[in-house]
Amino acid sequence: MTKTAILCISDPYLKRGQLLRDYYKKRGDEVLILTPDYSHRHKCRMEKPDQDVELIHHIPYQKNLSWQRIYGHFDFSKGCWKRLQEWKPDRIHCLVPANSLAYFMARYKQDHPDTELYLDINDLWPESLPLGFLQKMPGMNIWRRLRNNALESADQVFVECDLFKDVLQKQTSVSLKPLYWARQEPVLDSHPVWDEDHIHLAYLGSINNIIDLDAIELFFQKMNQIKPCILHIVGDGEKKEEMMERVFKSGASIIDHGIVFDPAAKQKIFDQCRFGINMMKESVLAGLPMKSLDYLAAGLPLLNTAKGDLLEICRKDQAGIDLDRDNMDEGAARIAAQTCQENEQMRKNARQVFINKFTLESFERSLDETIGSSSK
């Protein structure tokens, strides 16, 4: 039996780790997931989620941008390396970040050349840091090289989106293969409700330091000059109160649904809305935020400021509207002028993009193309 180890640095990545676990188990592998005993999302100790997961110690941290977090990631990565020395896997599928995980897994590969190593890039550090000047600080190039040097040791490097492929291809000559996220929740029937007198918009997910609050505030100011807006918030985060204050200041109303786990309840909220908001700071490299997959699966068109994959989905697939930060008036006018029939067509386009790219079948097919030919 092939032994496959899956490494992920935080609970947001654990969903991808569990997708991979299910895939490898279908192939007959014995699977072990290594993840921290500290929750990145909730900033507290994490309980073991299921029997295939083993928790490795991670020191606590309260701020995402902190030396405590970086040191904790390094210490966790070393702990994974030590654990694998005992478990002796035939294959390692390592989610990156952390860059230190890539470094330690490359070391393991050098000591155990018969072990297959797949590095799976789900974010780019330091390139995706929300403050561009941080990338020029001492140590950033060392941090970047921890990842890039490790790529050379991998049997295959996956990237979660084409944007990351484009960025990394300028830094390395290794082969990069997109492996899009898949959404596990069932795709439910959509029954949109059109409000002629108001524009309902949704924001899903974590509200943190990478969200472009300036752009969101400006956008709602422009929208409310044309037609009253209602923002439906489905989520939480350290910047939630500030976002709500800014949206209120613009003249819009807010319905705070909190964190919603039930797919049917979430679909009902999205059915009330014309678009789902995806606005991150311009310096952030985020090709396919998880919220965008939830929007697309629900048939909710995107309001997007990101470049890369989502820009193509909005422009080429007509599954949303690309907003220009320097000309929010144009975007607001286009949204306000959209008819119910035009919005319904965008909803169909959004759902079709999800079916074509982000289903479990698509995810497993991409893995088969690589692992089917290289598996022991």
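The sections below set out a description of the structure shown in this document. (Residues numbered from 1 in each chain as written. Predicted model: local features only at pLDDT ≥ 70, side-chain atom pairs only at ≥ 80, totals over all residues. Heavy atoms only, no water.)

**Notes on the packing of helix α9 (residues 290-297) against helix α12 (residues 340-357)**
Taken N-terminus to C-terminus, the directions of α9 and α12 make an angle of 115°; their axes are 7 Å apart at the nearest point. Counted together, L293, L296 and A297 of α9 and A350, R351, V353 and F354 of α12 form the full contact between these two elements. In terms of residue class, the contact of α9 with α12 is made up of 6 nonpolar, no polar and 1 charged. (Axes fitted to C-alpha atoms, helices over the stretch in contact; angles between N-to-C directions. Helix = DSSP H or I, 4+ residues; strand = E, 2+ residues; numbered from the N terminus. Contact = heavy atoms within 4.5 Å. Nonpolar A, V, L, I, M, F, W, Y, C, P; charged D, E, K, R; others polar.)

**Points about unusual backbone geometry**
Geometrically, the link from V96 to P97 is a cis peptide bond, its omega value of 10° lying close to zero. Relative to the helices and strands, P97 resides in the loop between β6 (91-96) and α3 (99-111). In the Ramachandran plot, K88 falls in the positive-phi region, its phi being about 55° despite a non-glycine side chain. Here K88 shows up in the loop between α2 (67-87) and β6. Exposure remark for K88: the relative accessible area of 54% places this residue in the exposed category. (Buried < 20%, exposed > 50% of the residue type's maximum accessible area, 1.4 Å probe, protein only.)

**Concerning the nonpolar core**
Judged by nonpolar contacts, the single largest core of 85 residues is most densely connected at L7, M105, L119, L296, I313 and F358. Not counting the four nearest positions on each side in its chain, L119 is found in contact with C94, V96, A102, A150, L151, A154, Q156, V157 and F158. Counting residues in hydrophobic clusters, the runner-up holds 30 residues, among them I207, I211, A252 and M279. (Core = buried A, V, L, I, M, F, W, Y, C linked by side-chain atoms within 4.5 Å.)

**So, the pairing of strand β11 (residues 229-234)**
Counting buried residues in β11 gives 6 out of 6 residues, a clear majority hidden from the surface. The two faces of β11 match: C229, L231 and I233 on one face and I230, H232 and V234 on the other face are all buried. Two strands pair when backbone bridges link them, and strand β10 (residues 199-204) and β11 are joined in this way by 6 bridges, in the parallel orientation. Residue A202 lies in a different strand from β11, and its bridge partner there is H232. Running through helix α6 (residues 213-224), the crossover from β10 to the neighbouring parallel element β11 is right-handed. Across 5 bridges, β11 lies against strand β12 (residues 253-258) in parallel orientation. Directly across from I230, in β12, lies its bridge partner S253. As a crossover connection, the stretch from β11 through helix α7 (residues 240-249) into β12 is right-handed. (Pairing = 2+ DSSP bridges. Right-handed = clockwise from strand over helix to strand, strands pointing away.)

**Section: the side chain of K291**
In this structure, K291 sits in helix α9. For the buried residue K291, which engages in no salt bridge, the nearest side chain bearing the opposite charge is D294, 8.7 Å off. For K291, the side chain forms a polar contact with the side chain of Y203, separated by 3.5 Å. Those residues in contact with K291 that lie beyond four places of it in its chain are Y203, L204, S206, I277, N278 and M280. (Lys, Arg positive; Asp, Glu negative; His and termini not counted. Salt bridge = Lys/Arg side-chain N within 4 Å of Asp/Glu carboxyl O. Polar contact = N/O pair within 3.5 Å; in protein donor to acceptor, adjacent residues only side chain to side chain.)

**Considering the sheet that holds strand β5 (residues 53-56)**
Ordered by their spatial adjacency, 7 strands build an open sheet running β5-β2-β1-β6-β7-β8-β9, and the pairing between neighbours is parallel. Edge positions in the sheet fall to β5 and β9 (176-178), since each has one partner strand and no second. Geometrically, the sheet is characterised by an average inter-axis angle of 25° between neighbouring strands, direction not taken into account. Of the strand pairs in this sheet, strand β1 (residues 3-7) and strand β2 (residues 30-36) are connected by 5 bridges, and their pairing is parallel. Pairing of I6 across the sheet is with I33, part of β2. Along the sheet, helix α1 (residues 11-26) makes contact with β1, β2, β6 and β7 (116-121), crossing β2 at roughly 170°.

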